[in-house]
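Observations on chain architecture
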Amino acid sequence: MKVLLFNGSPHKEGCTYTALAEISKTLKEEGIDSEIYQIGTDSIGACKACYACKKLGKCVINDKVNDFVQYAKNFDGYIFGSPVHYASACGEITAFLDRAFFSSGGIFKHKPASAIASARRAGTTATLDQLNKYFSINQMPIISGRYWNMVHGATADEVKHDLEGVQNMRVLARNMAWHLKCMEAGRNAGVP
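Throughout what follows, the structure given in this document is the object of discussion. (Residues numbered from 1 in each chain as written. Predicted model: local features only at pLDDT ≥ 70, side-chain atom pairs only at ≥ 80, totals over all residues. Heavy atoms only, no water.)

Re unusual backbone geometry
Put simply, the rule reads: A helix here means a DSSP run of H or I that spans at least four residues, while a strand means a run of E at least two residues long, and both kinds are numbered starting from the N terminus.
You will see that A49, though not glycine, has its phi angle at about 55°, which is positive. Its location among the elements puts A49 in the loop between strand 2 (33–38) and helix 2 (52–56). Of note, Y51 is a non-glycine position whose phi angle comes to about 65°, a positive value. Within the secondary structure, Y51 is located in the loop between strand 2 and helix 2.

See the structure below:
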């Protein structure tokens, strides 16, 4: 079993990465593999609502979204992380996920997912609400921690000192591992 951890921050090893790295470490302890996918700093075009993807099976905009969809279909679960920009998910992850989920042909359906947010101070709950809608619209079980899935800090080091936030990342990882193991047990018992 494998979980794709999506770093929606332009900063490769910033606050969002730090939270995802903690999740990755805990998943490994639970016997679950994971990889961190970095959105990077390339410009991501917004969905043009042309609906060509419904005919072509992929988005007509030529950037990394189509490659991501092909890559992501081989994972069993997903955790999408975003920094907070103006009390919502950053623009790049929003444009990326709009197109990835709309053009994906349903590859995410019934696979568990979760969202995490990192912020210096506020806007995290609005960001989590925004990201969780991608999952509910695509019939994906939403995996929770034991509190809001957020970390606080202006730097990666400050995030490491957000003890409650970091602990919740561990709880979230354990909950994802439990859910994936339950799904595997169900498949092994003949549940379609």
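Some details on helix 7 (residues 163–188)
One turn of an α-helix holds 3.6 residues; hence residues three or four places apart share an orientation. Defined as follows: The span you would expect from a helix comes to 1.5 Å times its residue count less one. The classification of residues rests on relative accessible area computed with a 1.4 Å probe and restricted to protein chains. Under 20% of the type maximum is buried, over 50% is exposed, and intermediate values are partly exposed. Here a residue-residue contact requires only that any non-hydrogen atoms of the pair lie within 4.5 Å.
Along its 26 residues, helix 7 runs 38 Å from first to last C-alpha, staying within 8% of the 38 Å computed at 1.5 Å per residue. Buried residues of helix 7: G165, V166, N168, M169, V171, L172, A173, M176, A177, H179, L180 and G186, and no others. Looking at the buried side of helix 7, the elements it contacts are strand 1 (2–7), helix 1 (15–29), strand 3 (77–85), strand 5 (113–119), strand 6 (150–152) and helix 6 (156–160). Remark: G190 follows helix 7 within two positions and exhibits a positive phi of approximately 90°.

What to know about the environment of I44
Within the element layout of this structure, I44 appears in the loop between strand 2 and helix 2. With relative accessibility at 7%, the residue I44 sits in the buried group. Once residues lying within four places of it in the same chain are set aside, the contact partners of I44 are D63, K64, V65, E92, A95, F96 and R99.

Structural notes on the pattern of salt bridges
Put simply, the test is: For this document, the term salt bridge refers to a Lys or Arg side-chain nitrogen within 4 Å of an Asp or Glu carboxyl oxygen.
With the rule as written, the count across this model stands at seven salt bridges. For R170, the salt bridge identified is with E22, shortest N-O distance 2.8 Å. Linking R170 in helix 7 with E22 in helix 1, this pair joins segments that are 148 residues apart in sequence. For R170, a relative accessible area of 26% puts it in the partly exposed group. Judged by its relative accessible area of 13%, E22 is buried. Close ionic contact of K64 with D42 constitutes a salt bridge, the shortest N to O distance being 3.9 Å. Here D42 lies in the loop between strand 2 and helix 2 and K64 lies in helix 3 (residues 64–72), a separation of 22 residues in the sequence. The partly exposed category is assigned to D42, whose relative accessible area is 46%. Via salt bridges that share partners, E22, K25 and R170 belong to a single interconnected network.

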